[in-house]
Structure formats: C-alpha cells, structure tokens
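As a plain string of letters, each chain reads:
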Amino acid sequence: MSTPAVSCMIRKMKAIGGIILTASHNPGGPNGDFGIKFNISNGGPAPEAITDKIFQLSRTIEEYAICPDLRVDLATLGKQTFDLENKFRPFTVEIVDPVESYANMLRNIFDFAALKEMLSGHNHIKIRLDAMHGVMGPYLRRILCEELGCPANSLINCVPLEDFGGQHPDPNLTYAAELVQSMQSGQYDFGAAFDGDGDRNMILGKHGFFVNPSDSVAVIAANIFCIPYFQHTGVRGFARSMPTSAALDNVAKATKIQLYETPTGWKFFGKLMDAGKLSLCGEESFGTGSDHIREKDGLWAVLAWLSILATRQQSVEEIMTEHWQTYGRNFFTRFDYEEVDILAAVEMMEDLEIMMSDKAFTGQIFSEGEKMYKVERADNFEYSDPVDGSISKHQGLRILFSDGSRIIFRLSGTGSSGATIRLYVDSYENDAGKIFQDPQVMLAPLVNLALKMSMLQERTGRSAPTVIT
C-alpha cells in the first residue's frame, strides 16, 4: 500500500490511525532502511505531541503478547474473524483493495475522460513512468494503463521488490538515471518517477527537460483550475516548506492567495488543511500535494501536470517557459552530502550558527567573483503555527541577502547511516535575458560563498555532494 493510499484509506474508513512500515525513499532490503510511521485519524503524520506521548508510554511496557500461529488469507477481500485466547470478543481482520479506493478518489478529483483522450486518443502523447521498483507499480497499471489507456510499455520498474532491485528509490536526477536517459532520447513527451512509498515525484519533459520541485508546485498553483476538484472547492491557501524556493510566493502574490511558509514536514501542512486554511502545498524534496488527503501524493502531482498539459495543449517546456516569463524565475539548487560523520556535521552547524549570531554578521558584504551579497538577516528558522500558536524552533540556518537570495543549511535525512547535510541556494531573476540560464551557472557564486562560510568541504572531507538537485 502506498503512503498516499494509506492516508486515503484512514480517511475513508474513519480509522483512528494507521501504522506504515516503510523505507520511504531510502535503500531497502535486509541491509537497507526500515521505519515505522504512525498516521493519525486525519490521515496525516502524527504530530510531535502524539509521538512524544507514544514514546513515554513505550517506556512503561512490561510485557506484550504475540500470536505466531494466526493465518490471514491476504488474497481474499472482506472480513475474517479469529477467536484468540483469553479474549471475549473475536479479533477481526479486514482485507481491502487500496488501489481501487485510491483510484476512485482520483476519479473524483481529475477529468479522467480528458486525460484518457490525451493519453490514448487519436493524437495522444507518449509518456514514461518509473516506479523504481517501489509500491507504485500496481497503482500505475490500474490507473494509467487499464483506466486511462496508456500502453504497458509506458511503465518501467513497476514490479515491487523488497530491496527495490538494489537501487535507491529516490526520484531525482541521480537515482532515476534510467528514466532521465530514456527521456533524453526524445521519444517521450512526459516523464515521471516515484519513490519507494509513492509520495514523492519527479517531473520531466521531452528531451529530459527537468522541472524543479519548487517550480512544479508553483506551476500547479498558477494553473490550479485545470483540475476540476478546485473548480468545486475553491482555493483556500498555498504553502511551502522553508527551504523550498519562493516560486510559489510569486504566484500567491499575483493571485492574492494566502501563502504559508512552514518547517519541513507534512504534518505542518496537515494542520493548516484541517483548519480550512490550505489547498495546495509542496516541498523542494520532490513532495507535492493538496487537501484531498494529508500526505504528499506522487501520482496526484503527475495527474495534476497531465491535466495542465491536456487543458493548455502545450509541452512541459512550453508551460515552464511561459511561467518564468510571467512570474520571473527562482533559480534553485540543493546539494546533499549523505552519510557524513555525525560529529563533524553537528560541529559545522554549531560553528556556523555562532558566526551568524554575531551582530556584526548582519549587514556584512561578501564578494564572490563579480557578485556582491549583503546580509540582510541571519537566523535559525522558527515557525509560529497560525492554527494553535505552537512554536517550532531550530528548523534550519538561514542567511538572507538584500537582493532576495538565500543560503540555507539543514541537518536532515531519514536514513540510518551517518548524517545528511543539505545546502539550499536560491536567487530570483526577472530579466528576460537571464531566465533561461543554467541554474548551476547562475548560482555558482552563492554556492561558493556558502562553502567558504561553512568550510563544509574541509569539515566533512567531501569535495563534492552526493546528489545535486
């Protein structure tokens, strides 16, 4: 079951919660990652108050019982009851079809007739979708092939494997290299990859044209009424995680829709959705979603993009180009340094925060090549929740410059080995002559400045990042 489908089922069945066993977007298998995640009754990740309480209760457990001989027929839909020792009521297990429940939800969000015409009609486009041997294979076959008419060879790596085929199921330019190469051939008009549990996505256009996740949510926002669901519900608000570029902010400002900037973590979006304040949100870490569930949703994002293509009758690159011409472009890059020595990473972050906390740091001017950057503000991001007033501190080191550029450092990662340092750099440009430049070229001065400030390479012994987005 995919993570979005779990959220869907919790909400549909009005369950008190759900337990997800997942490797997420990390390597799986006997020597890989494995995590246990609890989602609450709204279908979203449990907030810290609940997980902290669970942890406290776990420290008082003195014994637990198991039932190793219980045999459940997983192939038969419906309820099965069992009489367990010392129990007055029978124990009931219900087997459900999460693919059909999830598909039915999407039918009520998107115009499947229009999508089917674009994907399998007379002048259909060719698409390529990569499940990366994660959970999404059955969902793609049922919805894209059986329902929307895509040929079976539109899908690759769609057999779910316990170890993801020995690969890293993280949908980015590094780990989804097979998809990237096939898209670069020019055979396909649209491509997408999904992570191991189906909540993340990467969007590609013809010839491998890459859509940055920060741009992806902004484009969906700018074209949101191409999706029938929002024609009925309206739009309550937009939100992005703090490290995500301000591309979404530009759309929110133009459309006069409220924008929220939150810490990284979907639970912050979920609280805004439950309060009726939020309709669409996204994270730079390839997560996009809306208030139809309380998790990011990879296939929802892909169908949102396909809906925009169907409505506008343009290519991914044409849509993206017009978006930049209309709103300007937020050049963005993220450098991931994975499996770094934890002590070295922590010391680097601590020293960086000490430097930033010095009053003399604000207002300081840094020169890098021909570029000059004046520090306007530097802090460790703190979020005041507009719903309940709760405060979330220490959410990432931010250096904001007077021209709107940003450098952000975070210690992150759901992996089990070492620490992951993430460096985010973004800068806004509305000069028509510059918006089509390579992000790595445009951001090189800021990246160099960030590496010098932090001494990241010297501290970690890494001459290059593991992944560049």
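Everything numeric in this text was worked out from a predicted model, so none of it was measured. (Residues numbered from 1 in each chain as written. Predicted model: local features only at pLDDT ≥ 70, side-chain atom pairs only at ≥ 80, totals over all residues. Heavy atoms only, no water.)

A. Structural view of the pattern of salt bridges. On inspection of all chains with the given rule, the structure shows 26 salt bridges. The partner of Asp-97 in a salt bridge is Arg-142, and the shortest N-O contact between them spans 3.3 Å. Of the two residues, Asp-97 is situated in the loop between strand S4 (91-95) and helix H3 (98-107) and Arg-142 in helix H5 (residues 137-147); the sequence distance between them amounts to 45 residues. On the basis of relative accessibility, which here comes to 25%, the residue Asp-97 falls in the partly exposed class. With a shortest N-O distance of 4.0 Å, Asp-199 and Lys-296 are connected by a salt bridge. Taken together, the residues span a long stretch of sequence, with Asp-199 in the loop between strand S7 (190-194) and strand S8 (201-205) and Lys-296 in the loop between strand S13 (287-290) and helix H11 (298-312) at a distance of 97 residues. Lys-296 matches Asp-199 in its accessibility class, with the two residues each being buried. (Salt bridge = Lys/Arg side-chain N within 4 Å of Asp/Glu carboxyl O. Helix = DSSP H or I, 4+ residues; strand = E, 2+ residues; numbered from the N terminus. Buried < 20%, exposed > 50% of the residue type's maximum accessible area, 1.4 Å probe, protein only.)

B. Region of interest: the layout of surface pockets. For the second largest pocket, the calculated volume is near 800 Å³. Surrounding the second largest pocket, 35 residues form its lining, Met-1, Ser-2, Val-6, Ile-20 and Leu-21 being those nearest its centre. Mapped onto the lining of the second largest pocket, the elements with two or more residues apiece are helix H1 (3-13), strand S1 (17-22), H3 and H5. For the lining of the second largest pocket, the element with the highest residue contribution is S1, accounting for six residues. The class makeup of the residues in the lining of the second largest pocket is 20 nonpolar, 11 polar and four charged. (1 Å grid on protein atoms, 1.4 Å probe; cavity = no way out; pocket = protein on both sides within 12 Å on 5 of 7 lines; lining within 4 Å. Points joined across faces, edges and corners; volume = space filled by probe spheres on them. Nonpolar A, V, L, I, M, F, W, Y, C, P; charged D, E, K, R; others polar.)

C. Layout of the pairing of strand S10 (residues 238-241). Of the two faces of S10, the one carrying Phe-238 and Arg-240 and the one carrying Ala-239 and Ser-241 are both buried. Bridge count for S10 against strand S11 (residues 259-262) is four bridges, and the pairing is parallel. What sits directly across from Phe-238, in S11, is Leu-259. Following the chain from S10 across helix H9 (residues 247-255) to the adjacent parallel S11, one finds a crossover that is right-handed. Direction of pairing for S10 relative to strand S12 (residues 280-283): parallel, over a ladder of three bridges. (Pairing = 2+ DSSP bridges. Right-handed = clockwise from strand over helix to strand, strands pointing away.)

D. Structural detail: the packing of helix H4 (residues 112-120) against H11. H11 packs onto H4 with a crossing angle of 75 degrees between their chain directions and a minimal axis gap of 10 Å. The pairing of H4 with H11 is recorded here as roughly perpendicular in orientation. Between H4 and H11, the residues in contact are Phe-112, Ala-114, Leu-115, Met-118 and Leu-119 and Leu-303, Leu-306, Ser-307, Leu-309 and Ala-310, respectively. When the residues that make up the contact of H4 with H11 are grouped by side-chain class, the tally is nine nonpolar, one polar and no charged. (Axes fitted to C-alpha atoms, helices over the stretch in contact; angles between N-to-C directions. Parallel < 35°, antiparallel > 145°, perpendicular 65-115°, else oblique. Contact = heavy atoms within 4.5 Å.)

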